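Here is how the chains run, residue by residue.
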Amino acid sequence: MVRGLMKFPGISTKLLNISVGSLCKFRNLEKAESLIIDGIRLGVLPDVVTYNTLINGYSRFVGIDEAYAVTRRMREAGIEPDVATYNSLISGAARHLMLNRVHQLFDEMLHSGLSPDMWSYNTLMSCYFKLGRHGEAFRILHEHVHLAGLSPGVDTYNILLDALCKSGHTDNAIELFKHLKTRVKPELMTYNILINGLCKSRRVGYANWMFRELKKSGYTPNAVTYTTMLKLYFKTKRIEKGLQLFLKMKKEGHTFDGYANCAVVSALIKTGRAEEAYECMKELMRSGTRSKDIVSYNTLLNLYFKDGNLDAVDDLLEEIELKGFKPDDYTHTIIVNGLLSLGHIGGAEKHLACIGELGMQPSIVTCNCMIDGLCKAGHVDRAMRLFASMKVRDEYTYTSVVHNLCKDGQLVCASKLLLSCYNEGMKIPSSARRAVLSGLRMTVSNQAARKTHIKMKAAIECNAVMHP
DNA sequence: ATAGGGTTAG
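Residues numbered from 1 in each chain as written. Chains lettered and ligands numbered in written order. Predicted model: local features only at pLDDT ≥ 70, side-chain atom pairs only at ≥ 80, totals over all residues. Heavy atoms only, no water.

Remarks on the overall build of chain A
Helix and strand counts for chain A stand at 27 helices and zero strands. A principal-axis box enclosing the C-alpha atoms of chain A has dimensions of 95 × 55 × 45 Å. When the 468 residues of chain A are sorted by exposure, 46% land in the buried category. For chain A, the accessible surface area stands at approximately 25100 Å², while carbon and sulfur atoms represent 55% of it. Computing the positive centroid from 60 side-chain charges and the negative centroid from 46, chain A places the two 7 Å apart. (Helix = DSSP H or I, 4+ residues; strand = E, 2+ residues; numbered from the N terminus. Buried < 20%, exposed > 50% of the residue type's maximum accessible area, 1.4 Å probe, protein only. Areas by Shrake-Rupley, 256 points an atom, 1.4 Å probe, with all protein chains shown as cover. Lys, Arg positive; Asp, Glu negative; His and termini not counted. Charge placed at Lys NZ, Arg CZ, Asp CG, Glu CD.)

Here's the deal with a negative patch on the surface
A surface patch of negative charge is lined by Asp311, Asp314, Asp315, Glu318 and Glu321. Looking at the element boundaries, Glu321 is found in helix 19 (residues 310–322). Owing to a relative accessible area of 64%, Glu321 belongs among the exposed residues under this scheme. (Patch = residues over 30% accessible without salt bridge, like charges linked within 9 Å, V, L, I, M, F, W, Y side chains within 5 Å. Salt bridge = Lys/Arg side-chain N within 4 Å of Asp/Glu carboxyl O.)

Digging into helix 20 (residues 329–341)
Relative to the 18 Å expected for 13 residues at 1.5 Å per residue, helix 20 spans 18 Å between its end C-alpha atoms, a close match to the ideal helical length. Those residues of helix 20 lying buried are Thr331, His332, Thr333, Ile334, Ile335, Val336, Gly338, Leu339 and Leu340. Those residues of helix 20 hidden inside the fold are in contact with helix 18 (294–306), helix 19, helix 21 (345–357) and helix 22 (364–376). At the N-terminal boundary of helix 20, the capping side chain belongs to Asp328, with an oxygen 3.1 Å from the backbone nitrogen of Tyr330. Gly343, located one to two residues past helix 20, shows a positive phi value of around 85°. (Expected span 1.5 Å × (residues − 1). Contact = heavy atoms within 4.5 Å. Polar contact = N/O pair within 3.5 Å; in protein donor to acceptor, adjacent residues only side chain to side chain.)

Quick look at the layout of surface pockets
A probe matching the size of a water molecule, rolled over the atoms, marks out where space remains unfilled. Within this model, the second largest pocket holds a volume of roughly 410 Å³. Surrounding the second largest pocket, 16 residues form its lining, Asn87, Ser91, Arg95, Trp119 and Thr123 being those nearest its centre. Elements that contribute at least two residues to the lining of the second largest pocket include exactly helix 4 (48–61), helix 6 (83–95), helix 8 (118–130) and helix 10 (154–166). Considering only residue class, the lining of the second largest pocket consists of five nonpolar, seven polar and four charged. (1 Å grid on protein atoms, 1.4 Å probe; cavity = no way out; pocket = protein on both sides within 12 Å on 5 of 7 lines; lining within 4 Å. Points joined across faces, edges and corners; volume = space filled by probe spheres on them. Nonpolar A, V, L, I, M, F, W, Y, C, P; charged D, E, K, R; others polar.)

Concerning the protein's contact with DNA strand B
As a matter of local geometry, DNA strand B sits amid 52 residues, with Asn122, Asn158, Asn192, Asp257 and Asn298 nearest to it. In DNA strand B, the atoms that sit within 4 Å of the protein are 44% sugar and phosphate, with bases accounting for the remainder. Take Tyr330: an N or O atom from its side chain is 3.1 Å from a base oxygen of DNA strand B. No other element matches helix 18, which puts seven residues into the surface near DNA strand B. For the surface near DNA strand B, the per-class residue count stands at 17 nonpolar, 21 polar and 14 charged. (Near = heavy atom within 4 Å.)

Observations concerning the nonpolar core
Nonpolar side chains in soluble globular proteins tend to end up buried together. By size, the foremost hydrophobic cluster in this structure holds 138 residues, and its most contacted members are Leu124, Leu230, Val264, Met370, Ile371 and Val436. With eight residues, helix 16 (residues 259–270) is the single largest residue contributor to this core. The residues touching Ile371, leaving out its near neighbours within four places in the chain, are Ala383, Leu386, Phe387, Met390, Thr397, Ser400 and Val401. (Core = buried A, V, L, I, M, F, W, Y, C linked by side-chain atoms within 4.5 Å.)

Digging into the packing of aromatic side chains
All chains considered together, the criterion is met by eight aromatic pairs. Put simply, the rings of Phe177, Tyr191 and Tyr219 pair up and form one aromatic cluster. The residue whose ring lies beneath Arg393 is Phe387, and the NZ or CZ to ring-centre distance is 4.1 Å. (Phe/Tyr/Trp six-rings, centres within 6.5 Å; stacked < 30°, edge-to-face > 60°. Lys NZ or Arg CZ within 6 Å of the ring centre and 35° of its normal.)

Comments concerning the UniProt feature "repeat: PPR" (unreviewed entry) in chain A
Listed under "repeat: PPR" (unreviewed entry) in the UniProt record, and renumbered for this structure, are residues 47–81, 82–116, 117–152, 153–183, 187–221, 222–256, 293–327 and 363–393. Across residues 153–183 one finds 77% helix and 0% strand; the C-alpha atoms that close the span lie 9 Å apart. (UniProt positions renumbered as here; feature names shortened; annotations may be inferred.)

A few points about the environment of Lys235
Its place among the elements puts Lys235 in helix 14 (residues 223–235). Along the primary structure Lys235 and Ala267 are separated by 32 residues, whereas in three dimensions their C-alpha atoms are 8.7 Å apart. Ignoring sequence-local partners within four residues, the contact set of Lys235 consists of Cys199, Lys200 and Arg202. Polar side-chain contacts of Lys235 include one of 3.2 Å to the backbone oxygen of Lys200.

What follows is the structure in C-alpha cells.
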C-alpha cells in the first residue's frame, strides 16, 4: 500500500492520512502506527493531520496517557501539536471526567501559544455539565468564550439545551431555543434534544409542538425522534399508539439498530404480553450484529426472568460471556430482581455478594431491589441492615422501606424515615404517607405508644401541607 | 463535544 503512495508525490501524505484515518476508525491503532513508520522509511512524511488522527484514536479507544505519549513522538518528528491535537486530548480527558487533566491541557495549550477554539470550550463545558457543575459551565461561556471573541455555534447550543433539559430546566431550554433561532439554524439534533427533554419532563404539549416545529423547518424525523416519541407513548400508557408507531418505524427502516425494539419489548413485558415480546425480540436478534449489544441482551434476560424461564437465563448468561460482553449494573439488577421475584432469595443474596467479587459496586437500584425483595419475603431485619449500609439512597429506597415497615407494624420507624425524606426535600409518593397515617390511626392499647403516634401524625400532616 | 433503547418502590 505504501509503495503505491510513492508514485504520487504531493498527494501521498493525503493518501497516508486517509489510510491512517480508516485504520484508526476501526481501532486498528498498531497497524496505523506501523503504516506511518513504513511511510517514513519510504519517504512519505506524516504531517500534523496524520498525528492528530492517531492521537484521536488513542484518546478514544486506549487512554489519555497513551494519546499524550504520541504527542512526544510527534515532536520528535519535528511536528508541533496544534489546536486539533489538544482538542483530541481534551476530549479524551473529558470523557473520563478528568477535569484536572482537562485544565492542565488547556494551560499547556496556552503556554504553547495556541488559543482554544469553540470546540475546546464546547468540550470543557460539556465536561462541567456532566459533573453537574452548571454554574461553572455557564461561566466559561460568558467569560472565556466571549472574551476570546468566539461565538457559540449550533453545537454549543445543543450542549446547553441538553444540559438544561436533563437538569429539569425545560422552561429555560425553550427560551434558549427561541433565542438561538435568531442566531443559528437549528439542526435535527437540536429538535431531538428538546423533544426528548420535554417528553422526559412530561411536557407532552410542548413536545408535540416541538415535533411540529421540526417538520415545519423541513427536517424529516429520524430513528432518534421516533424512538423518543415511542417512549413517550409507553410512559403515558398509550401502548397501542406506541405499537402503531413501531410498525411505521419498521416500514420506514428506522429499527435497524434495535433501540426501538428494546423499548417495545420492555413495554410489552410490563403489560404482561410476553408472547408479543418474544416475537419482537426475535426480530431484533435476527437482524444485524450491530443491534446485539449489552442493552439488548439485558432486555432479553429480563424477558426470560419475567417468564420464569431459568434454563434460558443460564444459557443466555453463558452466551453473553462467550461473546465478550461485559455485564453492567442493569444486568446485575435484572438478575437480582429476577431471582427475588421467583422466590430465590438466597440466590439473589449470593449474586449481590458476587458483584463485589467482580470488582464492581452494587448500584443503588440493585440494592433497592434487594431491600424490597427481602422485605416481601419476610426478612425485614436483613433488609434494614442493607438499608443501613447504603451510603446513598433515593426515593425508591425510602418508598419501599416505608411501605414495608408499615406492613410489618413498625410505624414509629416508618414515620421517622418519612419525615426525614420531607426534610431532605425528597419526592415521596403520597401512597407512602397514606400508608403511614392509616397505620398510625389504628388503635394501640399501649398508652405511651399512642402518644407517640399522635405526635407523629401531627408532624406528617403538617409536612403534607408543605409537600403535597 | 451534543440527541434515542434496557433495571427498582407505590
